[in-house]
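# Chains, contacts and geometry: an overview
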Number of protein chains: 2
Amino acid sequence: MDCLFDPGKLISATLIDDTIRDDQPSVDDVGSKYRLRPLSSKDHARGYLDLLSQLTKTGNVTRLMFTTTFDSMRKDSGTYFIIVIEDTMKKCIVATGSLTIEKKFIHQCGHRGRIEDIVVHYDYRGKRFGKIIVQRLIALSRVLKCYKISLECKDSNVSWYSSMGFVREPGNSNFMQMRLIDDDEEPSP
Amino acid sequence: MDCLFDPGKLISATLIDDTIRDDQPSVDDVGSKYRLRPLSSKDHARGYLDLLSQLTKTGNVTRLMFTTTFDSMRKDSGTYFIIVIEDTMKKCIVATGSLTIEKKFIHQCGHRGRIEDIVVHYDYRGKRFGKIIVQRLIALSRVLKCYKISLECKDSNVSWYSSMGFVREPGNSNFMQMRLIDDDEEPSP
């Protein structure tokens, strides 16, 4: 499979993910109904963009646009780690999340991770897929030796992320933004 | 000069930076006392790391570590935009800030910008250098066609960033983090 990043990194992350429990769907096995894996260059045809449009505005992303961005992300080696859960029977992507690595000079030229774009398909909620995605990205950030990972979220999601170990540090937890193109936060129809 | 990114982008940003006023130091002229420019591969010797250590933990970053990270950032074309203000008489870096571009599939494969690591040297405060750096990074993010830029900050900095147009969106302004290596936020001695 044509992967966004070395699947070996995800295998290492799976090995150290101590949140995997017997009552969770077996998402990593190739033969299972659901499979967790890196984003593939073929996922445009598997509804990856439709899934993202349940989170925020995606617009019309053609196959060429998808491939160009995918190739560009892959070229930036060690930066983009997008994982997906595929329904292998229906051959469609039902959950996704991304870990983006920022190279720094601080922290002895360390790496900082950012968790972004977590979304589970409407029809597949209640299966703990969101938590599986985030926990695996946390494990992946350990494999990639990040000194810190972070995310921004709505008030309604604070307790959910807290349950996985994220904290709002007192006096240091403000997320500020400036929208330069006014088309954000309106999910596509 | 051996720059982290195409100086032409910064020249374009300077042209559209409508916050430049006559009472500000002329930081962009090559012949002036202070010069604003992209980070250079020679800035390790000009105190760039010492400056960063006034912001957070940097540790001992050797020239080789600096060069390796610099080259790696430059290779990820279109991602890392670190700017500095140099005191051209003393040949030392007195202020810096970074804009990091994250490639996305959402927003029609758009670009999102993040402003990070803003610091002005203790001896050079009160000259509006911090504001000049942030305003120029905002202008740069427009040149780079970001649909959104964002940052995380302490409570004490919210009003400062607000004055430049950043907002904490109601219900959507939580910054959460998880420290994986416990050495953060302790400025070097």
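Residues numbered from 1 in each chain as written. Chains lettered and ligands numbered in written order. Predicted model: local features only at pLDDT ≥ 70, side-chain atom pairs only at ≥ 80, totals over all residues. Heavy atoms only, no water.

Stated precisely, the cut-off is as follows: UniProt positions are given in the numbering used here, feature names are shortened, and annotations may be inferred rather than shown by experiment.
Chain A is annotated in an unreviewed UniProt entry as Glucosamine 6-phosphate N-acetyltransferase from Aphis glycines. Under the Catalytic activity (unreviewed entry) heading, UniProt states for chain A: "D-glucosamine 6-phosphate + acetyl-CoA = N-acetyl-D-glucosamine 6-phosphate + CoA + H(+)". Regarding chain A, the UniProt comment filed under Sequence similarities (unreviewed entry) reads as follows: "Belongs to the acetyltransferase family. GNA1 subfamily."

### Regarding the overall build of chain A
Operational definition: Secondary structure follows DSSP: runs of H or I at least 4 residues long count as helices, runs of E at least 2 residues long count as strands, and numbering of each begins at the N terminus. Each radius of gyration is computed over the set of C-alpha atoms, and the globule rule expresses the reference value as 2.2 Å times the number of residues to the power 0.38. Burial classification: accessible surface area is computed with a 1.4 Å probe over protein chains only, and a residue below 20% of its type maximum counts as buried, one above 50% as exposed, and the rest as partly exposed.
Regarding its fold elements, chain A presents 6 helices and 6 strands. Ordered by position in the sequence, the α and β elements of chain A form the string α-β-α-α-β-β-α-β-α-β-α-β. By the compact-globule yardstick of 16 Å for 189 residues, chain A fits well, its C-alpha radius of gyration being 16 Å. For chain A, the spread of C-alpha atoms along the principal axes amounts to about 45 × 40 × 35 Å. Going through the 189 residues of chain A one by one, you find that 56% of them count as buried.

### What about a nonpolar patch on the surface?
We apply this condition: Here a patch means residues that are over 30% exposed by relative accessible area and free of salt bridges, tied together within 9 Å if like-charged and within 5 Å if nonpolar (Val, Leu, Ile, Met, Phe, Trp, Tyr). Only the protein chains shown count as cover for residues, with accessible areas throughout obtained via the Shrake-Rupley method and a probe of 1.4 Å. Each salt bridge in this description consists of a side-chain nitrogen of Lys or Arg and a carboxyl oxygen of Asp or Glu lying within 4 Å of one another.
Taken together, the side chains of I11, L15 and I16 of chain A present a nonpolar region at the surface, about 340 Å² in accessible area. Since its relative accessible area comes to 53%, I11 of chain A is described here as exposed.

### Side note on the pairing of strand β1 (residues 34-38) of chain B
All names here are of chain B. Operational definition: Paired strands, as defined in this entry, are two strands with at least two bridges between them according to DSSP.
Counted residue by residue, β1 has 4 buried out of 5 residues, so it is predominantly covered. In this structure, β1 lies alongside strand β2 (residues 80-87), joined through 5 bridges in antiparallel fashion. Bridge pairing in β2 places R37 opposite V84.

### Section: helix α5 (residues 129-143) of chain A
All names here are of chain A. Quick reminder of the rule: Here a helix's expected span is defined as the number of its residues, less one, multiplied by 1.5 Å.
Between its first and last C-alpha atoms α5 spans 21 Å; for 15 residues at 1.5 Å apiece the expected length is 21 Å, and the two agree. In terms of residue burial, α5 counts as a mostly covered element, since 12 of its 15 residues are buried. The complete set of buried residues in α5 reads F129, G130, I132, I133, V134, Q135, R136, L137, I138, A139, L140 and S141.

### Considerations on the relation of the copies chain B and chain A
Stated formally: For this overlay, a least-squares fit was computed on C-alpha atoms, restricted to residues scoring pLDDT of at least 70 in both copies. Contacts between residues were defined by any pair of non-hydrogen atoms, one from each residue, lying within 4.5 Å.
Rotating chain B by 180° and translating it 0.0 Å along the rotation axis places it on chain A, where the RMSD comes to 0.0 Å. With respect to symmetry, the two chain copies, as superposed, fit the operation of a two-fold axis. Most of the interface of chain B is mirrored in chain A: 99% of its interface residues are interface residues there too.

### Examining the environment of S26 of chain B
Residue and element names in this part refer to chain B. The topology assignment puts S26 in the loop between α1 (7-16) and β1. Given a relative accessible area of 39%, S26 falls into the partly exposed group. Expressed as a C-alpha distance, the spacing of S26 and S77, which sit 51 residues apart in the sequence, is 29 Å.

### A word on the interface of chain B and chain A
The line we're drawing: Note on definitions: buried area is the accessible-area loss of two parts on being combined, 1.4 Å probe, summed for both. Polar contact is the term for a pair of N or O atoms within 3.5 Å; when the atoms are in protein, one must be able to donate a hydrogen and the other to accept it, and sequence-neighboring residues count only if both atoms are side-chain atoms. Side-chain classes are defined by residue name, with Ala, Val, Leu, Ile, Met, Phe, Trp, Tyr, Cys and Pro counting as nonpolar, Asp, Glu, Lys and Arg as charged, and the others, Gly among them, as polar.
Contact residues are listed per partner, giving 71 residues for chain B and 70 residues for chain A. Of the roughly 6,600 Å² buried between chain B and chain A on both sides combined, carbon and sulfur atoms contribute 53%. Together, F105, M176 and M178 of chain B form the three largest contributors to the area buried by chain B at its contact with chain A, with a combined 15%. Run the count over chain B and chain A and you get 16 salt bridges. Taking the shortest distance from any N to any O, the salt bridge between E152 of chain B and R114 of chain A comes out at 2.9 Å. Our enumeration of links across chain B and chain A arrives at 54 residue pairs in polar contact (both at pLDDT 80 or more). Ranked by residue count, the leading element in the side of chain B that touches chain A is strand β5 (residues 146-153) of chain B, at 8 residues. Its residues assigned to classes, the side of chain B that touches chain A shows 31 nonpolar, 20 polar and 20 charged. Pairing between strand β5 (residues 146-153) of chain A and strand β6 (residues 174-179) of chain B: 6 bridges, direction antiparallel.

### Thoughts on the pattern of salt bridges
Residue and element names in this part refer to chain B. Evaluation of the coordinates by the stated rule reveals 36 salt bridges over all chains. The closest approach of N and O atoms between D71 and R74, which form a salt bridge, is 3.6 Å. Within this pair, D71 and its partner R74 are both found in helix α3 (residues 63-75), separated by 3 residues, close to a single helical turn. On the basis of relative accessible area, D71 is assigned to the partly exposed category, the value being 35%. A relative accessible area of 32% places R74 in the partly exposed class. A salt bridge links E102 to R114; its shortest N-O distance comes to 3.0 Å. Of the two residues, E102 is situated in strand β3 (residues 92-103) and R114 in strand β4 (residues 111-120); the sequence distance between them amounts to 12 residues.

### Regarding empty space enclosed by the protein
One simple way to see leftover space: roll a probe sized like a water molecule over the atoms. Test applied: Method remark: on a 1 Å grid restricted to protein atoms, a set of points is classed as a cavity if a 1.4 Å probe fits but cannot get out and as a pocket if it is open with protein on both sides within 12 Å along at least five of seven lines; lining residues have an atom within 4 Å of a point. Grid points are joined across faces, edges and corners, and a volume is the space filled by probe spheres set on the points.
Counted according to the given criterion, the structure contains 3 cavities of 30 Å³ or more. Quantified by volume, the largest cavity comes out at close to 110 Å³. Every residue lining the largest cavity is counted, 15 residues in all, and those nearest its centre are K104 of chain A together with M73, I82, S98 and D117 of chain B. Where the lining of the largest cavity is concerned, the elements lending two or more residues are β3 (92-103) of chain A together with α2 (48-52), β2 and β3 of chain B. A total of 4 residues in the lining of the largest cavity trace back to one element, the largest contributor, which is β3 of chain B.

### Observations concerning the side chain of R136 of chain B
Residue and element names in this part refer to chain B. Relative to the elements of secondary structure, R136 occurs in helix α5 (residues 129-143). Separated by 2.9 Å, the side chains of R136 and T14 make a polar contact. For R136, the residues in contact, after removing those within four places along its chain, are L10, A13, T14, D17, I20, D28, L36 and I83.

### A few points about the pairing of β3 of chain B
Residues and elements named next belong to chain B. Along β3, 11 of the 12 residues are buried, which leaves the element largely enclosed by surrounding structure. Note that β2 and β3 share 8 bridges and pair antiparallel. When the sheet's bridge partners are listed, D87 is paired in β3 with C92. Alignment of β3 against β4, held across 8 bridges, turns out to be antiparallel.

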